[in-house]
Amino acid sequence: MNVLGGKWKTVLLAQLKQGPKRYGDLRQLVPRLSQKMLTQRLHELERDGLVDRLPVDGEARYHHYVLTGLGASLQPVLQALYDWGRTHEGRA
């Protein structure tokens, strides 16, 4: 739970399970997340081995974020959390 703890990590992982995303894509997809927090959370996810940052078309200054094998293994967990939330929304 420490790896998934912290606000926004599960949201970012859910976006990345849809496929590789550039930093700007993630900013648009999660507009309430500040630039500072997005950068911090992406670094944490990288550090924990859930996300990789890969160059786009060999350009070192352009990159996108992708789930690692470990990150992809969380997909059923994320789906279960999403399903649980849909089932119980409005009850809390």
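Whatever comes next refers back to the structure up there.
Notes on the structure follow. (Residues numbered from 1 in each chain as written. Predicted model: local features only at pLDDT ≥ 70, side-chain atom pairs only at ≥ 80, totals over all residues. Heavy atoms only, no water.)

**Let's talk about the pattern of salt bridges**
Between side chains of opposite charge, a pair can form as their charged atoms come close. Taken as a whole and assessed by the stated rule, the structure comprises five salt bridges. For K9, the salt bridge is made with E44, and the minimal N-O distance between the two is 3.4 Å. Taken together, the positions of K9 in helix α1 (residues 9-16) and E44 in helix α3 (residues 35-47) put the pair 35 residues apart, joining distant regions of the chain. Residue K9 is classed as buried on the basis of its relative accessible area of 4%. Close ionic contact of R41 with E44 constitutes a salt bridge, the shortest N to O distance being 2.9 Å. You can see R41 and its partner E44 sitting in helix α3, three residues apart, about one turn around the helix. Where salt bridges share partners, they join K9, R41 and E44 into one cluster. (Salt bridge = Lys/Arg side-chain N within 4 Å of Asp/Glu carboxyl O. Helix = DSSP H or I, 4+ residues; strand = E, 2+ residues; numbered from the N terminus. Buried < 20%, exposed > 50% of the residue type's maximum accessible area, 1.4 Å probe, protein only.)

**Considerations on the environment of R91**
Tracing the backbone through its elements, the reader meets R91 in the segment after α5 (75-88). Residue R91 is classed as exposed on the basis of its relative accessible area of 61%. Along the chain, R91 and Q15 lie 76 residues apart, while their C-alpha atoms are 25 Å from each other. A polar contact of 3.0 Å, which involves the side chain of R91, links it to the side chain of H88. (Polar contact = N/O pair within 3.5 Å; in protein donor to acceptor, adjacent residues only side chain to side chain.)

**As for the nonpolar core**
Ranked by internal contacts, the top residues of the largest apolar core, which has 17 residues, are L12, L13, L26 and V51. Going through the elements one at a time, α1, α3 and β3 (59-67) are the ones with two or more residues in this core. Apart from residues no more than four positions distant in its own chain, L26 is found in contact with L12, Q15, L16, K21, L38, L42 and Y65. (Core = buried A, V, L, I, M, F, W, Y, C linked by side-chain atoms within 4.5 Å. Contact = heavy atoms within 4.5 Å.)

**Digging into α5**
In this model α5 runs 20 Å from its N-terminal to its C-terminal C-alpha over 14 residues, within 8% of the 20 Å that 1.5 Å per residue would give. Positive phi appears at G90, one or two residues downstream of α5, with a value of about 85°. (Expected span 1.5 Å × (residues − 1).)

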